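Architecture and fold: a report
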Amino acid sequence: MDKRFSGLFNLTEEQAIAILDTPIAQLNEDDSRYVAAAHLVNFPTERSIQALMRAVQTTDRSLDNRIVRRKSIETLGRLQAKESLSAIRTCLQDEDCYTVENAVWAIGEIGTEDPEVLAEVAQLLDKPGQTYRVIIHTLTKLNYQPALDRIRRFTDNEDPPTASAAISAVCRLTGDMTQMQQVVEMLQHSNVLGRRLSIQDLIDARYYDAIPQISRCPVSLVFRLRGIRQLADAGVAAGKLTFESVRPYLEQVLRDRPEDLDLVHAYDRTPTLPFLIRELYETDFGRCYLATKTIIEHHAEAAPAALFATYKEEAYGDYGAHFHVVKLFGWLKHAPAYDLLVEALHHPQPQFQKSRAAAAIALGELGDSRAILDLKACLATKIWDLKYAALMALERLGDLSGVAIAADDEDWLIRAKASLYS
Amino acid sequence: MKSVVTTVIAAADAAGRFPSTSDLESVQGSIQRSAARLEAAEKLAANLDNVAKEAYDACIKKYSYLNNAGEANSTDTYKAKCARDIKHYMRLIQYCLVVGGTGPLDEWGISGQREVYRALGLPTAPYVEALSFARNRGCAPRDMSPQALSEYNTLLDYAINSLS
């Protein structure tokens, strides 16, 4: 899993276990059992697993304890602790739907072929108020064919992400992919979570045909890249895809021009620049891309000053707006932003990671050859999208000397890109 | 947007009936609490930046490791991350106070968000800690009336519960 945040709370294993074991009434004001339960994911040891199981079996119904139980279940799932399966199974009948959701998810992570456990999970589809999407995912992941009819009932569910999961599940369990187009259509859902979640269903179904549409889906490029990358890994390994067949879409997403997206929002009149700048802070990236496109088309001259101002005031610390400001300086080919872009290229904080590849692309747009050394330095990182974007930018700057470094990369995708130049 | 009123009407319409006495009682209850909710919404709107900042400052203070220079989550940027997301949740809580139901949080903040956090391995603990701080910090009558605070805290609990 992603280890970027593994050091977040700087607790030792002993400290985390001690906090988790402390009765709520005796807990120090500064200690959090929830944090301890989350943190133990970094320690795949017997004593951590035992401590987490004790937390699962502490059934005090207060909110503070309830959230600790849920997090402990999730952590046991991440640790794939088989010995915790029976403790987790007892949570399937819990009255708290999120505890049930986490238990079902954890069973999917741990894996089981026990027909009694699987039947119990499947029966949850008949119970009102559950997170059916997760239940469907787990049953499909564990290939539980007897659940097929129950899952089929959700294919026209009023909640689109639930319907999307069910359609995808039926296709996977039956091998008949004819209905997958309905899931593809959800890439244009008005709700951003609907769009993001349909990408997950397309990944799970290994529906390679959707790669072009995923590349045009108006969500953060993090979700699109994750989808295309996972499909490429699976498809190339299975001999269903080639690097060349994926490459145009992958590079389109890494380039991330707003005109390459099928936007779901529209303005009824051209907004002012200050309004558009505020839109760059939205959590729905579909709105941010519309703002970016409008800024380029209607405010190209006035935009750089406004971008510098918002960067200084707020965007330097907002990982969403930071990304869009970086992108815009590239599309506007604004040479005075060079230093800002180089700084973004080397940004050390994990939540700003997507700004780094964005800065590489933007530096390529600026066409300033001073960036070559900085871009080549990125080829030594472990971040695949940054390396790939750096190769694209270097290509744009006419420098192919990075190819030698990339040719031996540990990642097949980077090696494949490098091989295009050799 | 789901609220007590729209839920009652939708249920009645689906069954082809008039709202029942208990339906009307729940609408009445929601209307009676609306003054308190709107007071909380107004106070929260006026202090959104401060409330969010206080919450993440508390989180940073509690986990002082996050302040260490050069750490992956050193001060300014980590604070900013929290600020962005805490503000987003506070805004949804404010919408819920106005609507008189949990619709905005359910539709924009929860449904699917748990899956996204899990799939990307993103830590929820900082948000839970920051929102818990906001809940414990609120004080009546200093910040708002007891009734308004109760409405506000109920929604903070709802957000903490559904995020964790």
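In every chain, residue numbers begin from 1 and rise along the written sequence. Following the order in which they are written, the chains are lettered starting with A and the ligands numbered starting with 1. Side-chain atom pairs in this predicted model are given and counted only at pLDDT of 80 or more, local residue features only at pLDDT of at least 70, and totals for whole chains, interfaces and linings cover all residues. As a rule here, side-chain values come from all non-hydrogen atoms in the structure, and water together with hydrogens is ignored.

Turning next to the domain arrangement of chain A. Delimitation of the domains relies on an automatic or database domain assignment. For chain A, the domain assignment lists domain 1 (1–100) and domain 2 (273–419). The distance between the C-alpha centroids of domain 1 of chain A and domain 2 of chain A comes to 38 Å.

Stacked, edge-to-face and tilted are the three classes for Phe, Tyr and Trp ring pairs, Trp counted by its six-membered ring, which pair at centre distances within 6.5 Å; planes under 30 degrees apart are stacked, over 60 edge-to-face, the rest tilted. Applying the stated criterion across every chain, the model contains six aromatic pairs over all chains. Relative to A:Phe323, the ring of A:Phe285 lies with its centre 5.9 Å away and its plane at 25°, an arrangement referred to as stacked. With a gap of 38 residues between them, A:Phe285 in helix 17 (residues 285–298) and A:Phe323 in helix 19 (residues 319–331) connect regions that are remote in the sequence. In this structure A:Phe323 comes out as buried when scored by relative accessible area, which is 1%. A ring pair is formed by B:Tyr117 and B:Tyr127, whose centres lie 5.7 Å apart and whose planes are at 35°; its orientation type is tilted. Of this pair, B:Tyr117 sits in helix 6 (residues 113–120) while B:Tyr127 sits in helix 7 (residues 125–137), placing them 10 residues apart in sequence. Working definition: with a 1.4 Å probe on protein chains only, accessible area under 20% of the residue-type maximum means buried, over 50% means exposed, and in between means partly exposed. Judged by its relative accessible area of 2%, B:Tyr127 is buried. Taken together through their ring pairs, the aromatic side chains of A:Phe285, A:Tyr289 and A:Phe323 make up a single cluster. Either the NZ atom of lysine or the CZ atom of arginine qualifies as a charge over a ring when it sits within 6 Å of the ring centre and within 35 degrees of the ring normal. Positioned over the ring face of A:Trp384 is A:Arg229, at 4.9 Å from the centre of the ring. Here the basic side chain of A:Arg370 rests over the ring of A:Tyr338, its NZ or CZ set 3.9 Å away from the ring centre. The helix and strand labels rest on DSSP assignments: H or I over at least four residues marks a helix, E over at least two residues marks a strand, and numbering proceeds from the N terminus.

Pairing is possible between side chains of opposite charge, provided their charged atoms come close. All names here are of chain A. One side-chain nitrogen of Lys or Arg within 4 Å of one carboxyl oxygen of Asp or Glu is enough to make a salt bridge. Scanning all chains against the criterion turns up 45 salt bridges over all chains. Linking Lys382 and Glu410 is a salt bridge whose minimum nitrogen-to-oxygen distance equals 3.9 Å. Here Lys382 is found in the loop between helix 22 (372–378) and helix 23 (384–396), whereas its partner Glu410 is found in the loop between helix 24 (403–407) and helix 25 (412–419), with 28 residues between them in sequence. By relative accessible area, which is 71% here, Lys382 ends up exposed. For Glu410, a relative accessible area of 59% translates into the label exposed.

Let us look at the packing of helix 5 (residues 103–110) of chain B against helix 8 (residues 146–163) of chain B. Residue and element names in this part refer to chain B. Every angle, taken between N-to-C directions, lies between 0 and 180 degrees, and every axis is a line fitted to C-alpha atoms, over only the stretch in contact when it is a helix. Contact geometry of helix 5 with helix 8 gives a least axis separation of 11 Å together with a crossing angle of 30°. As far as their axial angle goes, helix 8 and helix 5 are roughly parallel. Like other packed secondary-structure pairs, helix 5 and helix 8 cross with a definite hand, here right-handed. Residues Leu105, Asp106 and Ile110 of helix 5 lie in contact with helix 8, whose contacting residues are Leu155, Tyr158, Ala159 and Ser162. Here the residues of the contact of helix 5 with helix 8 are counted per class, giving five nonpolar, one polar and one charged. Angle categories are assigned with fixed cut-offs, so that under 35 degrees is roughly parallel, over 145 is roughly antiparallel, 65 to 115 is roughly perpendicular, and the rest are oblique. Here a crossing is taken to be left-handed if its near helix is turned anticlockwise relative to the far helix by less than a right angle, and right-handed if that turn runs clockwise. The contact criterion used throughout is that any non-hydrogen atoms of two residues lie within 4.5 Å. Amino acids outside the nonpolar list (Ala, Val, Leu, Ile, Met, Phe, Trp, Tyr, Cys, Pro) and the charged list (Asp, Glu, Lys, Arg) are all regarded as polar, and Gly is one of them.

On to the nonpolar core, then. Counting residues in hydrophobic clusters, the biggest one holds 95 residues, and the most contacted among them are A:Leu202, A:Leu250, A:Leu341 and A:Leu375. The element best represented in this core is helix 23 of chain A, accounting for nine residues. The term nonpolar core refers to a set of buried residues drawn from Ala, Val, Leu, Ile, Met, Phe, Trp, Tyr and Cys, joined through side-chain atoms within 4.5 Å.

Right, let's talk about the domain arrangement of chain B for a bit. Residues and elements named next belong to chain B. Here chain B is described as being made up of domain 1 (1–32) and domain 2 (34–163). The interface is formed by seven residues belonging to domain 1 together with 10 residues belonging to domain 2. What counts as buried area is the accessible surface, traced by a 1.4 Å probe, that two parts surrender upon association, with contributions from both included. Overall, the association of domain 1 and domain 2 removes approximately 620 Å² of surface from exposure, summing both partners, and the carbon and sulfur fraction of that is 49%. Joining domain 1 to domain 2, the criterion identifies zero salt bridges. Polar contact is defined as a pair of N or O atoms within 3.5 Å, subject to the rule that within protein one atom must be able to donate a hydrogen and the other to accept it, and that residues adjacent in sequence are counted only when both atoms are side-chain atoms. For the pair domain 1 and domain 2, the number of links is four residue pairs in polar contact (both at pLDDT 80 or more).

Let's shift gears to the interface of chain B and chain A. Of the residues lining the interface, 45 residues belong to chain B; the matching set on chain A comes to 49 residues. Counting across the chain B and chain A interface gives four salt bridges. For the interface between chain B and chain A, the tally reads 12 residue pairs in polar contact (both at pLDDT 80 or more). Counting residues per element, the ones that place at least two in the side of chain B that touches chain A are helix 4 (75–99), helix 5, helix 6, helix 7 and helix 8 of chain B. At nine residues, helix 4 of chain B tops the list of elements feeding residues into the side of chain B that touches chain A. Of the residues in the side of chain B that touches chain A, the class split is 19 nonpolar, 12 polar and 14 charged.

A word on the side chain of A:Asp409. Residue and element names in this part refer to chain A. By the secondary structure assignment, Asp409 is in the loop between helix 24 and helix 25. Classification of Asp409 by relative accessible area gives buried; the value is 9%. A distance of 3.0 Å separates a polar atom in the side chain of Asp409 from a polar atom in the side chain of Lys387. Dropping the residues within four chain positions of it, Asp409 is found in contact with Leu379, Lys387, Ile414 and Arg415.

Attention shifts here to unusual backbone geometry. Residues and elements named next belong to chain A. The phi dihedral of Arg206 falls on the positive side, at around 55°, and the residue is not glycine. Mapped onto the elements, Arg206 comes out in the loop between helix 12 (192–204) and helix 13 (211–215). For Asp256, which is not glycine, the phi torsion reads 60° and is therefore positive. Looking at where Asp256 falls in the secondary structure, it is placed in the loop between helix 15 (243–255) and helix 16 (273–279). Accessibility expressed as a relative area gives 2% for Asp256, which makes it buried.

Attention now goes to helix 21 (residues 353–366) of chain A. Residues and elements named next belong to chain A. Over its 14 residues, helix 21 extends 21 Å from the first C-alpha to the last, a length consistent with the 20 Å expected when each residue adds 1.5 Å. Buried residues dominate helix 21, accounting for 13 of its 14 residues. Taken from the residues just after helix 21, Gly367 is the one with a positive phi, measuring 75°. Expected helix span is computed as 1.5 Å times (number of residues minus one).

A few words now on the state of the cysteines. Residue and element names in this part refer to chain A. Counting rule for disulfides: a pair of cysteine sulfur atoms within 2.5 Å. Using the criterion set out here, one finds zero disulfides over all chains in the structure. Note on Cys171: no disulfide assigned, nearest cysteine sulfur contributed by Cys217 at a separation of 19 Å. There is no disulfide at Cys288, and the cysteine sulfur nearest it, in Cys217, is 14 Å away. On the accessibility criterion, Cys288 (0% relative accessible area) is buried.

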